[in-house]
Amino acid sequence: MKRTAVVFPLLLCFVFVLSGCPTERVLRGGDLNASPSLSDPPAIAKVIPGLRDKEAQSNPQYITEEDLLKVVNEFQRAATKDTYRFPIPKDVTGANVYKATLTRLQDYEAKHPGAYSEILAFTRGRAYEGLREYDKALAQYQIVSQSKHELKTEAAKALDVLTRFRDLKQKPLATSTPLDYLKSLDQLITGWQDLQKQYPNTTYEGLAREEEERLDQAKVMFLLINRHRIEDGNESVVVAYNQLLGKHRDSKNYYRYQVEFGDFYFALAQEYVAQNDPQSLQFDTSTFEAVGRSALRLYAQVAQEDGIIEKLEAKGKLEALEAYMAKVGKLSR
Amino acid sequence: MNRNRVLLSVLLFVMLASPVSAQDFSDRLMQKLNDFLPTYTPFIPLESPDRYFPDEVGKKVGDAIVHAYLQNPAGVEQRARELAEHDTKLVTKGEQSTGLTSYLVALVTQPPTAEVATDPDLATLSASPDALLQRADQLLAEEKRERIGRRFNWILSTFDVGSLLFGAPRAPTPYGAQGIVSEWEGGNDPAPRERKALVFYREFLRRFPDDSRVPGITQKTRDLDTRRTQAMLTAELNRAEKALQEHDYWGANFHYHLALMVDESSSKARAGLEQVAARLQQKDELETTTPNDPLAEVKQAQWEHGKQTFQYLLPGSGFVKDNFVVAGTQIATEGLAGAATFGALTMVQTIAKVFRLATGNPVPQQQVITAGEQYVHDTPPDKRNPEVYETLAEAYEKEGRLDKAISYYKLAGKGDTHAHLQEHAGEALLKMAKQSEHQEQKENYLRTLVEQYPATKAAREAAPLLRELHLPANRGLRLTKAFLREHEELTGPRGLGLKSELFDGDKDNVELADEGLTLLGSGEVALQLQTDHGPRAKIYAIPNERWEQFWRQFREKGYEQAAKQGDPGLALLAQGAEAADRTLKSQREKNDDSGWRMLPYLSGSVGGSGVDFRGTLPKEFAGTRLSFGSDQRSTYVGMEIPVPFIPVDFLFLGRNGFPSLYPRIRLPEQNVKDEKLYQ
């Protein structure tokens, strides 16, 4: 009887646990790039006879090639990433892969002078491009396009695109009046939108979107800094923030903008308290609460989102807002 | 005779001559005149780098990279194939292969290792639809396994399979039940793993709306989202209700609004807001009629703390229900003797908790501190009750914040009491200084110690340490000799270019001491050289080219270490992300330093009825769990035995008579990364 009593729960738990569960002691994530063609290393290993494990000992005779391949491999991994939606990828050391590649190429050049100069220039061009340093990228692509290297045509194409990017970026802004300044910002934004349409589904489309976003952000900042000088300044900031949020829902900075928008409302609440003593008769609780609740809504939206780093910041800001509103609320009664 | 006289003269000279190197010269000229090894240079001549001469292999590699940049995987594959054939030929001839083929293959396969290592979630979010779903499903499966596994482990832990196999079955034991009953009814809130899975499912729906799996995933997302919303709503309502109970009406108002943001239709939240509004009016009336005792909040906090301490002493988390079940099972299986055993066990637990209460601070004093500080803030100094200073001093002392405790003891007029606290604070600072890896941190701790607690024993010990820290030769990145031996490239001809004789163990041709060298910020290096009187520092200027060469090597080393061992330590130093003012030690030196930490971490208790210790061996020793002690049957030594191919471990207990064997479902070992982002 007792034997049955012991065996039953054992069997029961085996049925529950064994169904579809990995049995390895250490759980490993699956292959994220699993697809049947070239993305499958074992498939290539079958195609290429004699392919050895990466741990195969390095040959000092080919250290120049090995060093180059290490840099290019790491760089290529990041090449197709959408930097409008996601932050610039990191390398194994946790550094910005574009910046790290530039340093590694500099070290490579010093260690192996004269080796693969066109490939180095092309890689540098790509890295500068990713960092939106168009002048520097153009200088590197120029080296390749003027050579007889196979990458010459590709470099010439990049030269053509990036020249337009650089020219648009360097276009001067009208600074005579705030309205002119905002208008010229809008013109530039339209220019970047045109460029996005000209290079769809390329890395250049993403780059142009980042530039457009940067200008939209600049517009908000301009209004924010000058809101006391402009008529209906606060309302303009609200409109600009709403435009920014509506336009860049897919941006990696979306939640950051929400937190900053919340900060703006929090600042408005503090300004209202500074202008109207909560203990005085002119203090209007409903006005204060309306502004505070706008901040609360924006912080809460971020705090209630899962998997984003801004969540923690928003939670902290919510607590600060709660304490502030409670303090002013008590004073005002 | 003459010979003896000469010998005697030599002996006298040797005995009388003072050791020059041991003298300390304040005059720079004297220092220069008595400098040891004045003409010695530790560097070898600079080598010019090899020129590059490409061969067929080099051309193939270049071609492959070009094809990769032109997004032509077939071209890369072709070059990889050619190179593999070339390698095969080389190996057939007995020569070394190029070792490059796998790098060429990686140009098209792009294994996601680097990004996965730094940010796997980000990698998953931008991965293929299959990968996204696979990761989400895996998270859900892990959570399911953990939930079910945790509960079944309790059942399993009561059955001794060993005794059954040896033909002497024993009755189930209910001791493991404490706490599990409360956990069983833990609600339907989604765990961080499930919330993370929801993020991935949503991303799938967003990025691949035309995928055929969308209807199924939409349903899963809806279910998870409903649970998540409900959990968030409940959490906000609970916070609001708690605030309401504590008469924090503004807090309640805030959380009811947050609850409405989660679910606009929540009737509870709306009713709560109305209640808050009503209470605020009532409070106004109360506030005008009854004057408050300003110290009442502090006293209330002390009372609450006392209550929490009492609760802590009671066994089990849901004391009544858990212990009711345990005691009930015990009495049902063993009769009145079982009740006695249960009582004895509870007593042992309580004694252990009393001990912890007397020696540590298991129940935090934060509530008392907050109330006390609030009182101090709100009350003018001349109207404050001096009692509050002592209350705060004691609370801070228990929390280990000795600086605060000292200042409040001073205000309370208890000068004698704070003398021993100063000693404690001094010792704590000295300990932290010794444990600090960075010189700046070390210096800050030592300086604080010397300035704030100058009369303590620790301050006397700190003064020479601080002086030593200020010596020019000690200010920079120190690399021990063993570390340099482990990384020869750093000092070799392509690195600092130090002479190999410095490392050959022969003192006669100048030898580096175990302390190694320190790279000073000014482009100089301080070599700690062995002398008859111990290590002595000598500073050399490093030529620019060598300095750059060294840091190139250092960056490469840092990158390799991060890629192969996942340790970005050196890379952070090389990139300037971490201050280069610490000591780099060899693996062996690090092991020697942390040797005691290699021992398994043990926890457990000693009581009148038995001993129970549990621990886990370090990862280097398979990370297996160990235990020893005695229970109601006999003394035992236990070890967890993982079984390959099935997700179950066995806890083997060797004891007098028949050994015990308890099965245990293996739970997922990895916690969710950044769990806070999914709570």
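Residues numbered from 1 in each chain as written. Chains lettered and ligands numbered in written order. Predicted model: local features only at pLDDT ≥ 70, side-chain atom pairs only at ≥ 80, totals over all residues.

1. Topic: the overall build of chain B
Summing up its helical and strand segments, chain B has 27 helices and eleven strands in all. Classification of the 679 residues of chain B by burial places 29% in the buried group. Sequence separation of at least 24 residues holds for 51% of the intrachain contacts in chain B that already meet a minimum separation of 6. (Helix = DSSP H or I, 4+ residues; strand = E, 2+ residues; numbered from the N terminus. Buried ≥ 20, exposed ≤ 12 C-beta atoms within 10 Å, placed from the backbone. Contact = placed C-beta atoms within 7 Å.)

2. A few points about helix α11 (residues 192–207) of chain B
With 16 residues, α11(B) extends 23 Å from end C-alpha to end C-alpha; this agrees with the ideal 22 Å at 1.5 Å per step. Of the residues making up α11(B), those classed as buried are Pro192(B), Arg193(B), Glu194(B), Arg195(B), Lys196(B), Ala197(B), Leu198(B), Val199(B), Phe200(B), Tyr201(B) and Phe204(B). (Expected span 1.5 Å × (residues − 1).)

3. A short note on the packing of helix α4 (residues 73–92) of chain B against helix α5 (residues 101–109) of chain B
All names here are of chain B. For the pair α4 and α5, interaxial distance at closest approach is 9 Å and the crossing angle is 170 degrees. Between α4 and α5, the angle falls in the class roughly antiparallel. In the crossing of α4 with α5, the sense of the turn from one axis to the other is left-handed. Within the contact between the two elements, α4 uses Pro73, Val76, Glu77, Arg79, Ala80, Leu83, Ala84 and Asp87 and α5 uses Thr101, Leu104, Val105, Leu107 and Val108. Its residues assigned to classes, the contact of α4 with α5 shows nine nonpolar, one polar and three charged. (Axes fitted to C-alpha atoms, helices over the stretch in contact; angles between N-to-C directions. Parallel < 35°, antiparallel > 145°, perpendicular 65-115°, else oblique. Left-handed = near helix turned anticlockwise from the far one by under 90°. Nonpolar A, V, L, I, M, F, W, Y, C, P; charged D, E, K, R; others polar.)

4. Some thoughts on the pairing of strand β3 (residues 524–531) of chain B
All names here are of chain B. The pairing of strand β2 (residues 512–520) with β3 spans five bridges and is antiparallel. Along β3, the bridge assignment pairs Thr518 with Ala526. Between β2 and β3, which pair antiparallel one after the other, the connecting turn spans three residues, and Gly523 there sits at a positive phi close to 80 degrees. As paired strands, β3 and strand β4 (residues 534–541) are joined by eight bridges and run antiparallel to one another. In the strand pairing of β4, Gln530 is matched with Pro535. Linking two consecutive strands that pair antiparallel, namely β3 and β4, is a turn of two residues. (Pairing = 2+ DSSP bridges.)

5. Things to note about the confidence of the model for chain A
Caution applies to low-pLDDT regions: their predicted coordinates should not be interpreted in detail. For chain A, per-residue confidence averages 85 on the pLDDT scale, and 83% of positions sit at 70 or higher. In the predicted structure, residues 1–42 of chain A sits below a pLDDT of 50 and forms 62 contacts with residues beyond four places in sequence or in another chain. (pLDDT = per-residue confidence, 0-100.)

6. So, unusual backbone geometry
Despite not being glycine, Gln71(B) has its phi angle at roughly 55 degrees, a positive value. Here the phi dihedral of Val510(B) falls at roughly 70 degrees; this positive angle occurs in a residue that is not glycine.

7. Quick notes on the sheet that holds strand β5 (residues 583–584) of chain B
Ordered by their spatial adjacency, five strands build an open sheet running β4-β3-β2-β1-β5 (chain B), and the pairing between neighbours is mixed. The sheet terminates laterally at β4 and β5 of chain B, the two strands that pair on one side only.

8. A look at the environment of Leu496(B)
All names here are of chain B. Note that Leu496 resides in the loop between α24 (481–486) and β2. Taking the C-beta count within 10 Å as the criterion, Leu496 has 25 such neighbours and is therefore assigned buried. Residues Leu496 and Gln452 lie 44 residues apart in sequence; the distance between their C-alpha atoms is 42 Å. Among residues more than four places away in sequence, those in contact with Leu496 are Leu490, Thr491, Ile542, Arg546 and Phe550.

9. Here we look at the packing of helix α11 (residues 254–275) of chain A against helix α12 (residues 285–303) of chain A
Residues and elements named next belong to chain A. Remark: α11 packs on α12, axes separated minimally by 8 Å, with the N-to-C direction vectors making an angle of 160 degrees. Here α12 runs roughly antiparallel to α11, going by the angle between their axes. Seen from above, α11 lies across α12 with left-handed handedness. Only Thr287, Phe288, Val291, Gly292, Ser294, Ala295, Leu298, Tyr299, Gln301 and Val302 of α12 make contact with α11, whose side of the interface consists of Tyr255, Gln258, Val259, Phe261, Gly262, Tyr265, Phe266, Leu268, Ala269, Tyr272 and Val273. In terms of residue class, the contact of α11 with α12 is built from 15 nonpolar, six polar and no charged.

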